[in-house]
Amino acid sequence: PPHGPGQASLIATSRLARTSVRHARMRGACAWLALAALAVGLGRAAALVQQVPLEADVPVKGSIWANETVCYVVSLDSNTTRDIVYWSQAKLFVHLQPCTGTPHLRASVHGCPSDGATVNWEYQSAQARTDLLAKGERVTPEWEWIGDIETLSIDLTHRKFYVEVSAYQPPMRTNESIGELGRRFRYLGYDNEADRIEDILFMGRVEAAEVAELRILQRILMPESSYTLSAFLHDEATFPQAQIFPMANTIDWDREVEHEKDATIVIGGDPLAGHYIISFWPPTLAGASANATSSSSSAAAESDGLAAARRRWLDELAPVHSRRVLEMRHDGPVTLEHLEQLVAEHPNLSEELAAELEHARTVFSAGDVIFDAHPGSPHAQAAGVRRQMKADDKKEKLAKVVEEKRSTALDKTNAALEKLRGVVPGFDAAAARGKARHEEYVRERDTLPDYVLRRSSETHLRVVSNETGSASVGGRSQHVITDEELEYMVYWVDITKDVRARWGVTTNSMLYEFTRLLDGEPRQGPLCSPSNPDTTKCGIKQLISRSEFTRIDKDDNGIISLSEYEAEYPPERQAYDDGFTSNYTFSKAAANNSATEGIEYGTWRNVYDGHRAIFDASVKDPLVRSYWTVCGLNVTGIPMVASGNVTKDPTRAEWLSSTGFEQLSSGKLVRTIKGLDDADNNVYILNVIVRNKVTGEQFAYKPHVLQRKFPDYEAPEAMDATGTSIVIGVGVAAGVIIGVFIGLLIFSKNKAPRPTIKVVAT
């Protein structure tokens, strides 16, 4: 419609104001970019001269900010090169362990990559990821998390290598990642920056200028990246890379920290009320998790029923004979004969267990092992000594084979040299000079410190220490790990504040706010559907399922069609991640909706499984914390005292051997954790570090996330007709009994007193 002069003037003024604001924002963005270019230029100028020598086998610690880079130079001297040329598979192994932030590895033989040199090796390079995806292969799981341990294995083809450590900036490829950056600025009180990020999102497309601006904003929130860097020279043929960290590379070792029992919070009765029990496998029981009920007995082919029974026998007997069982396991393996002794002392078994035991007598003999000896028992120690002796014998045989090969090669060389004697002029004089030079080199080599490279026919490894201990890494070759060498430390950290900031709060019936539950579907029904704007009753799982359904449903018709699903989950991704729970596919999920050709939200919320990865990504964020490496746990985590009480002074925490933990019959170590707060649906992360006292190696388990739910009162569910009838019947009966009692009381009060005779003594 036409506008009057006043309206036209007002509109023009409004447009001029919006244009001025837009220009001001553009000038601000240009200023940001200019400052960023200056910072980057200064950082690169500093990198031109910041070259730090990195000696093999000598770990270094460092820290960098988001726009900083450190270039380490590994140089091989003449003596080192002289030894390495005899190695058939000479390797440089670089190991980066993050403590905080996102330190990142790349290397070159031409110079520092930050100075423009070609990058020859890079951990998790974008090109490698793209090539794998193009082949339809999944990216290696170890590459999934930036901020975790990074390694490079490089062929020793040059005498100088440039290893560069820089702070990796996670890419922001999606609106969700850009929105998450804005939420962080908003949470920290940087409203101007958060508004600018929202403006970029509102534009609908992100071009080069906006990408540069977002990366500059991202650097503001990136923490300092601290790390420990180590380099090792080794011969892969005689000392494989896996033997540098043998415990970390133990085959079939289950590193999961699992939840054993979460007793509900009650008053009295349960002595474990409010406690949280975790269990984990020691490295010495690698592979046991795949067959937790296996044993060394001759009846290894027992039935599944007996396998389950074995796990329950101690549960039935241990409460009465826990001390006797522990004594038996410390003396050696518990056989069927020992079990018969316990049953004789405690014969009142349930009918089910009695029947299982009767069946076991027909399968097992008296000497068959039912439960293995405790790892700290003399029996287990003797077994460890036998394994060590066997390994030593194998080691000696290997040394003899190597010595024989060297002697044979030396004999061939001497025979060839003898043929040259008398033929080549000055041969004898040259041989004498070479012999004298070799003897001088041997004398110098034997007087050098241990950390200097020496050619060893046994290990072919130049190391004395790594980032986690001072023991010789060379001594790890063929070393057999025993329980007596291992010690453990449990760590914990409260992340409730961060979860609350990221995922919001929920309210109870009294309108009190609590941190959102990880899984909290209201009993009143699917109140977390996209049609309901109120999300105060949703759990994190339901909130993610709801938002992902809305995002994938592009046409917003309430149904995810096959084309919409495949746009998010193309066939190559479905090979390793289809977004559904086990035994479900798109066609099977869509079959639940007979009236539509797609998946409705009611089905989606029950079969969608992608919420796990999204929540894990929000928790395992290296820009916030690091708790999956040894160094990161020492920075972020809080050590737990031996009693497992998190309220106690952490300075009293100490390393414990396996005998300092409770232990399941399968051999898993158990720790009961006490004192975890539940006032705000608190979320915690638990983890364990194991260290080897002999080799000095340390390694962290996989982190375990738990939530302590606030003991909030919830109204009981509505009862059916039968339950209502029972309640009415009980109420009527109680009323009749109370009425009779009151009637008898009134009758006794109103009854005339009987005459009494008083006897008086005279």
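Provided above is the structure to which this section pertains.
This report concerns the structure included in the present document. As the structure is a computational prediction, the values presented were derived from the model and not from experiment.

**What to know about the overall build of the protein**
Argument step 1. Scanning the protein from N- to C-terminus turns up 20 helices and 25 strands.
Argument step 2. Residues classed as buried in the protein amount to 39% of the 762 residues present.
Argument step 3. The contacts of the protein with a sequence gap of at least 6 include a subset with a gap of at least 24, amounting to 70%.
Argument step 4. Surface accessibility of the protein: about 42400 Å² in total, with carbon and sulfur atoms responsible for 56%.

**Describing the state of the cysteines**
Argument step 1. Under the defined criterion, the tally for this structure stands at two disulfides.
Argument step 2. The disulfide that involves cysteine 71 links it to cysteine 112, with 2.0 Å between the sulfurs. Judged by the torsion about the S-S bond (-95°), the cysteine 71/cysteine 112 disulfide is left-handed. One end of the pair, cysteine 71, is in strand E3 (residues 69–75); the other, cysteine 112, is in the loop between strand E5 (103–108) and strand E6 (121–122), and 41 residues separate them in sequence. Residue cysteine 71 shares its accessibility class with cysteine 112, and that shared class is buried.

**Points about the sheet that holds strand E8 (residues 160–167)**
The strands making up a sheet are joined through hydrogen bonds of the backbone, oriented either antiparallel or parallel.
Argument step 1. Reading across from one edge, E1-E3-E8-E5-E6 is the order of the five strands in this open sheet, with mixed pairing throughout. On the outer flanks of this sheet lie strand E1 (51–53) and E6, each paired with one strand and no other.
Argument step 2. Across two bridges, the pairing between E5 and E6 is antiparallel. Paired with arginine 106 across the bridge in E6 is glutamate 122.

**Quick notes on helix H5 (residues 191–203)**
Argument step 1. Taking 1.5 Å as the rise per residue, H5 with 13 residues should run 18 Å; its terminal C-alpha atoms sit 18 Å apart, in good agreement.
Argument step 2. Trailing H5 by a residue or two, glycine 204 shows a phi angle of about 90°, which is positive.

**With respect to the pattern of salt bridges**
Argument step 1. Applying the stated criterion to the full structure yields 24 salt bridges.
Argument step 2. Glutamate 513 serves as the salt-bridge partner of arginine 500, at 3.9 Å between the closest nitrogen and oxygen. Here arginine 500, found in helix H12 (residues 496–503), pairs with glutamate 513, found in strand E17 (residues 513–515); they are 13 residues apart in sequence, far enough to count as distant.
Argument step 3. What makes arginine 500 partly exposed here is its relative accessible area of 27%.
Argument step 4. Ionic pairing is found between lysine 541 and aspartate 519, a salt bridge with its closest N-O pair at 3.9 Å. Placement of lysine 541 in helix H13 (residues 540–552) and of aspartate 519 in the loop between E17 and H13 is noted, with a sequence separation of 22 residues between them.
Argument step 5. Ionic contacts of the salt-bridge type, sharing partners, join the residues Glu180, Arg183, Arg184, Arg502 and Asp621 into one network.

**Description of the pairing of strand E9 (residues 225–235)**
Argument step 1. In terms of burial, E9 is a largely internal element, 11 of the 11 residues being buried.
Argument step 2. Burial along E9 is two-sided: the face carrying Ser225, Tyr227, Leu229, Ala231, Leu233 and Asp235 and the face carrying Ser226, Thr228, Ser230, Phe232 and His234 are both buried.
Argument step 3. Bridging between strand E2 (residues 60–64) and E9 involves five bridges; their strand directions are antiparallel. By the bridge assignment for E9, valine 60 is matched with leucine 229.
Argument step 4. The pairing of strand E4 (residues 90–100) with E9 spans 10 bridges and is classified as antiparallel. In the sheet register, histidine 95 faces E9, and the bridge partner there is serine 230.

Definitions and limits used
- Residues numbered from 1 in each chain as written.
- Predicted model: local features only at pLDDT ≥ 70, side-chain atom pairs only at ≥ 80, totals over all residues.
- Heavy atoms only, no water.
- Helix = DSSP H or I, 4+ residues; strand = E, 2+ residues; numbered from the N terminus.
- Buried < 20%, exposed > 50% of the residue type's maximum accessible area, 1.4 Å probe, protein only.
- Contact = heavy atoms within 4.5 Å.
- Areas by Shrake-Rupley, 256 points an atom, 1.4 Å probe, with all protein chains shown as cover.
- Disulfide = S-S within 2.5 Å.
- Pairing = 2+ DSSP bridges.
- Expected span 1.5 Å × (residues − 1).
- Salt bridge = Lys/Arg side-chain N within 4 Å of Asp/Glu carboxyl O.

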